[in-house]
Amino acid sequence: MSTSAPASGTTGIELEIGGMTCASCAMRIEKKLNKLDGITATVNYATEKAKVTVPDGYDAAALIAEVEKTGYTAALPAPKNVKGVVEQDGEHSDPELDSLRTRLIVTVLLTIPVIAMAMVPAFQFTYWQWASLALAAPVIVWGALPFHRAAWTNLKHGAATMDTLISMGTSAAFLWSLYALFFGTAGTPGMVHPFEFTLAPSDGAANIYLEVGAGVTMFILAGRYFEKRSKRQAGAALRALLELGAKEVAVLRDGVETKIPVEDLHVGDEFIVRPGEKIATDGIVTSGTSAVDASMLTGESVPVEVGEGDAVTGATVNAGGRLVIRATRIGSDTQLAQMAQLVEDAQTGKAEVQRLADRISGVFVPIVIVIAVVALGGWLGAGFPVAAAFTAAVAVLVIACPCALGLATPTALLVGTGRGAQMGVLIKGPEVLESTRKVDTVVLDKTGTVTSGKMTLVDVVLEPGNDRAELLRLAGALEDASEHPIAQAIAKGATQEAGILAAVEGFANIEGKGVQGVVDGRAVIVGRESLLAEWSQKLSREVASAKARAESEGKTVVAVGWDGQARGILVVADTVKPTSAEAIAQLKAIGLTPVLLTGDNEAVARQIALEVGIEEVIAEVLPQDKVEVITRLQSEGRVVAMIGDGVNDAPALAQADLGLAMGTGTDVAIEASDITLVRGDLRSAVDAIRLSRKTLSTIKTNLFWAFAYNVAAIPVAALGLLNPMLAGAAMALSSVFVVGNSLRLRGFKSITR
């Protein structure tokens with residue numbers, strides 16, 4: 001189980017980190033913070049944030065100062081408004097991305113001619129090498145300035161990162177070219193520099209490597225730019241989620257209606273929502289009835305009927321009448337903000353595979369520098385020209401940049417959790433991904449998960465000679481005057497089928513038995529069979545048999561009579577959700593064994609299981625015993641996922657290897673789970689598991705590519721078989737591959753429905 005709550009006596013602080021350029025940077029900051037007493041920190045390179053757990057009362061300024069000592073910047077996040085949204089200057093404002101784009105465009109325009117002249121002898125006019133210098137110098141000095149600056153900062157603190165490799169490689173290429181131009185023979189008019197994939201012995205002073213410095217800078221800047229842009233795109237779902245809320249609200253204060261910004265709304269304020277308007281925040285309806293369209297949050301297309309006393313969620317749309325709502329939660333406490341926080345927490349966390357990558361990145365750079373020095377010394381010691389030795393060393397420095405390694409996990413998590421949010425699947429933490437891969441058994445709570453959790457009129461059985469519409473109209477009218485859930489289910493079903501219900505006179509509730517009253521001049525009784533028997537109204541043998549059959553299936557039966565005769569029965573039941581059978585089939589298709597777990601009797605459970613296609617049933621289980629059932633299944637060697645929605649499911653959700661809570665359920669269940677299914681549709685569980693597995697698969701593919709690439713490429717470069725320019729291109733393309741592979745998750749779709 002994953003958890004994001006800090007331990008008792010501690011506080012969680014989030015910091016925005018600036019200046020990081022690779023996973024090594026994140027690792028270094030993380031180590032620095034974790035050395036402080038009582039501090040536990042996790043730094044994420046992709047989100048550029050640090051999650052720090054500190055003792056209560058700890059000064060955040062001390063953390064910021066510690067980060068700044070390592071050569072990076074840190075700041076507390078900007079305050080969020082009532083919707084939980086960080087205010088920004090503009091909708092698409094990102095100064096860092098804009099600056100990077102400008103630097104990349106200038107670099108591309110200057111570098112392409114340099115590479116073209118170096119690679120195509122036909123373009124090498126008389127003084128082409130000096131033109132290359134004029135074009136490449138701004139690229140290597142100004143274009144690569146972020147790398148040089150970061151490398152210098154790291155050097156001052158006795159550290160080496162990916163930027164150290166880039167700065168060393170480009171600077172070495174540039175300085176060698178200056179030497180060859182001014183002190184060697186490379187500056188001679190008419191000098192030709194053919195493009196070669198493999199190296200040949202030469203005196204070194206006749207060759208320039210300006211295309212290497214400029215090309216590497218261009219490719220890495222391009223990789224950084226697309227990486228930065230992809231991170232912004234990956235967070236688009238989260239930003240869209242946060243921006244769903246209303247901007248203004250009509251609040252009632254001292255009986256006067258006033259338009260105010262949503263940010264000024266307080267808990268306890270009553271506000272008005274007219275048809276077509278968004279509900280400003282979570283609250284309780286105090287006046288009015290309407291239908292609320294919650295599709296933007298839940299994906300459900302059918303509006304939900306609400307009336308006085310019903311809870312409503314902020315950002316949903318009032319599709320019917322005028323409502324007066326009392327605000328119960330604002331700001332970060334609203335369901336919308338909490339949903340967004342779940343996504344953000346998942347994106348900030350680290351899976352175990354990422355921790356491995358971080359550890360490797362932390363020691364990778366020094367090892368690469370040693371290999372480059374050894375390669376240089378080895379080539380020189382073997383009697384090869386300085387140029388050959390230099391080129392091999394530069395190739396090692398460039399090819400080994402751990403950029404792809406640092407991006408492998410964070411980008412996949414960003415895109416995967418963002419796509420999940422769009423689909424109504426909220427993944428609480430990246431550790432969840434590991435669990436979904438191993439799960440082989442899924443335990444489903446019955447009520448509210450497989451079934452709707454609401455009583456519904458499912459059948460009407462008439463005594464001979466009676467009219468169905470009349471029975472529904474009379475019984476529905478009487479039940480409509482009762483507040484009992486079964487009565488309300490009958491009244492709702494009767495209204496849907498028979499239309500407007502008649503008025504009731506002399507209504508009386510006979511406790512524990514039923515209700516009676518006069519409808520259209522008829523004395524109507526609705527309730528237990530024993531209540532009708534007291535008035536000498538008995539069911540026929542056929543109807544009594546139908547009643548017994550329905551009750552054996554776990555359904556509730558209500559008898560109806562008037563004018564001295566029993567007229568029929570109404571059957572009420574918690575119906576199976578229309579999509580449950582399809583969801584069970586999909587769970588089986590992805591290799592999971594479904595188990596139905598319920599407190600209902602065996603017969604009811606078997607009937608529901610048969611209807612949806614579940615073979616294994618565990619029934620008549622007390623709420624407190626559900627944990628024991630999960631534990632027993634785990635002791636049998638199974639890896640168990642649990643899907644539930646109620647308070648009584650929370651302990652089992654926590655015990656399971658993977659807990660999935662229906663978003664229509666209780667806050668306690670949602671808090672105890674790993675994944676929240678916003679729509680309350682069981683098919684979302686299939687989407688959640690498939691998406692989690694796909695995200696984990698993407699992470700592993702990314703990591704394999706990054707590891708295999710470095711392991712294979714470094715020896716090739718050290719042996720002088722790889723041109724430095726091609727090494728730079730390959731290194732940058734590896735990062736682009738990782739980002740591109742992660743972005744494929746944006747196209748993840750549900751199984752065809």
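Residues numbered from 1 in each chain as written. Predicted model: local features only at pLDDT ≥ 70, side-chain atom pairs only at ≥ 80, totals over all residues. Heavy atoms only, no water.

(A) Main features of the overall build of the protein chain. Along the backbone of the protein chain there are 26 helices and 26 strands. Residue burial in the protein chain is summarised as follows: out of 753 residues, 53% are buried. Of all intrachain contacts in the protein chain linking residues separated by at least 6 positions in sequence, the fraction that spans at least 24 positions is 70%. Looking at the protein chain as shown, the accessible area adds up to about 31400 Å², and 58% of this sits on carbon and sulfur atoms. (Helix = DSSP H or I, 4+ residues; strand = E, 2+ residues; numbered from the N terminus. Buried < 20%, exposed > 50% of the residue type's maximum accessible area, 1.4 Å probe, protein only. Contact = heavy atoms within 4.5 Å. Areas by Shrake-Rupley, 256 points an atom, 1.4 Å probe, with all protein chains shown as cover.)

(B) Seen up close, the packing of helix α20 (residues 580–589) against helix α25 (residues 683–718). Two numbers describe how α20 lies on α25: the axes approach to 8 Å, and their chain directions differ by 25 degrees. As judged from the angle between their axes, α20 and α25 are roughly parallel. Packed against α20, whose contacting residues are Glu582, Ala583, Gln586 and Leu587, the element α25 presents Arg683, Val686 and Ile689 at the interface. (Axes fitted to C-alpha atoms, helices over the stretch in contact; angles between N-to-C directions. Parallel < 35°, antiparallel > 145°, perpendicular 65-115°, else oblique.)

(C) Structural context of the UniProt feature "transmembrane region" (unreviewed entry) in the protein chain. Under the present numbering, the feature "transmembrane region" (unreviewed entry) in UniProt falls on residues 104–121, 127–145, 165–186, 206–226, 360–380, 386–415, 702–719 and 725–743. Between the first and last C-alpha atoms of residues 104–121 the distance is 26 Å; the span itself is 89% helix and 0% strand. Within the segment residues 127–145, helix and strand shares are 89% and 0% respectively, and the terminal C-alpha atoms sit 27 Å apart. (UniProt positions renumbered as here; feature names shortened; annotations may be inferred.)

(D) How the structure looks around the sheet that holds strand β25 (residues 658–662). The strand order across the open sheet formed by seven strands is β14-β26-β25-β24-β15-β22-β23, and the pairing between neighbours is mixed. Because the sheet does not close on itself, it has two edges, and the strands there are β14 (425–427) and β23 (616–618). For this sheet the average axis-to-axis angle between neighbouring strands, irrespective of direction, equals 20 degrees. Here five bridges tie strand β15 (residues 441–445) to strand β22 (residues 593–597), and the two strands are oriented parallel to one another. Across the sheet, the residue bridging to Thr441 is Thr593, located in β22. Across the sheet, helix α22 (residues 626–635) is in contact with β15, β22, β23 and β24 (640–644); its angle to β24 comes to roughly 155 degrees. (Pairing = 2+ DSSP bridges.)

(E) The arrangement of the sheet that holds strand β17 (residues 504–510) in detail. The sheet built from six strands is open, its strands ordered β16-β21-β20-β19-β18-β17 with antiparallel pairing. What marks the edges here is a single partner per strand, and that holds for β16 (451–462) and β17. Averaged over all pairs of adjacent strands, the angle between their axes in this sheet comes to 20 degrees, without regard to strand direction. For strand β18 (residues 514–519) and strand β19 (residues 522–527), the ladder comprises six bridges, and the chain directions are antiparallel. When the bridges of β19 are listed, Val519 appears paired with Arg522.

(F) Molecular detail of helix α19 (residues 541–552). The end-to-end C-alpha distance of α19, which contains 12 residues, comes to 16 Å, matching closely the 16 Å that a straight helix rising 1.5 Å per residue would cover. Along α19, the residues that are buried comprise Val543, Ala546, Lys547 and Ala550. Looking straight down α19, one finds its buried side chains confined to an arc of 100 degrees; they lie on one side. Downstream of α19 by a residue or two, Gly554 has a phi angle that is positive, lying close to 85 degrees. (Expected span 1.5 Å × (residues − 1). Arc of directions from axis to C-beta.)

(G) Expanded view of unusual backbone geometry. Here Asp520, not a glycine, exhibits a phi torsion of approximately 55 degrees, which is positive. Here Asp520 is to be found in the loop between β18 and β19. Look at Ser536: it is not a glycine, yet its phi comes out positive at around 60 degrees. Relative to the assigned elements, Ser536 resides in the loop between α18 (529–534) and α19.

(H) Broad picture of the pairing of strand β1 (residues 10–18). Here β1 pairs with strand β3 (residues 49–55) via seven bridges, running antiparallel. When the bridges of β3 are listed, Gly12 appears paired with Thr53. Relative to strand β4 (residues 73–75), β1 runs antiparallel, the two sharing three bridges. Its bridge partner lying in β4, Glu16 is registered against Ala75.

(I) Highlighting the packing of aromatic side chains. Summed over all chains, the structure comprises four aromatic pairs. A centroid spacing of 5.4 Å and a plane angle of 75 degrees characterise the contact between Trp130 and Phe182, whose relative ring orientation is edge-to-face. Here the residue Trp130 occupies a position in helix α4 (residues 128–143), and Phe182 occupies one in helix α6 (residues 162–182), the gap between them amounting to 52 residues. Relative accessible area serves as the criterion here: at 28%, Trp130 is assigned to the partly exposed category. Considering the side-chain rings of Trp379 and Phe384, the 4.9 Å spacing of their centres and the 55 degrees angle between planes classify their relative orientation as tilted. By the ring-pair criterion, three or more aromatic residues cluster together here, those being Trp176, Tyr179 and Phe183. (Phe/Tyr/Trp six-rings, centres within 6.5 Å; stacked < 30°, edge-to-face > 60°.)

(J) Representation of the side chain of Thr70. The topology assignment puts Thr70 in the loop between α2 (60–69) and β4. The buried category is assigned to Thr70, whose relative accessible area is 3%. Looking at Thr70, its side chain comes within polar contact range of the main-chain oxygen of Val67, at 2.5 Å. If sequence neighbours within four positions are ignored, Thr70 has contacts with Arg28, Ile29, Lys32, Thr153 and His157. (Polar contact = N/O pair within 3.5 Å; in protein donor to acceptor, adjacent residues only side chain to side chain.)

(K) Structural view of the pairing of strand β20 (residues 556–562). Across the seven residues of β20, six count as buried, placing the element largely inside the fold. Bridging between β19 and β20 involves four bridges; their strand directions are antiparallel. Bridging across to β20, Ile525 finds its partner in Gly561. Both β20 and strand β21 (residues 565–576) contribute to a ladder of seven bridges, which runs antiparallel. If you follow Val560 over to β21, its bridge partner there is Gly568. Between β20 and β21, which pair antiparallel in sequence order, lie two residues; one of them, Asp563, sits at a positive phi of approximately 55 degrees.

(L) The arrangement of the pattern of salt bridges in detail. Summed over the entire model, instances satisfying the criterion amount to 23 salt bridges. Asp282 serves as the salt-bridge partner of Arg329, at 3.2 Å between the closest nitrogen and oxygen. Taken together, the residues span a long stretch of sequence, with Arg329 in strand β13 (residues 323–329) and Asp282 in strand β8 (residues 282–287) at a distance of 47 residues. Arg329 gets classed as partly exposed once you look at its relative accessible area, which sits at 27%. With relative accessibility at 2%, the residue Asp282 sits in the buried group. Between Glu551 and Lys547 there is a salt bridge; the shortest N-O distance is 3.0 Å. Separated by four residues within a single helix, Glu551 and Lys547 lie in helix α19, roughly one turn from each other. (Salt bridge = Lys/Arg side-chain N within 4 Å of Asp/Glu carboxyl O.)

(M) Region of interest: the environment of Thr126. You can see Thr126 is positioned in the loop between α3 (95–119) and α4. With 66 residues separating them in the primary sequence, Thr126 and Val192 have C-alpha atoms 8.8 Å apart. In this view, Thr126 contacts Pro189 and Gly190; residues no more than four positions away in its chain are not counted.

(N) Examining the confidence of the model for the protein chain more closely. Looking at the protein chain as a whole, its pLDDT mean stands at 79, while 80% of the residues score no less than 70. Counted against residues more than four places away or in other chains, residues 1–5, with its pLDDT under 50, gives 12 contacts. Across residues 298–302 the pLDDT falls below 50, and counting only partners more than four positions away or on other chains, this stretch makes nine contacts in the model. (pLDDT = per-residue confidence, 0-100.)

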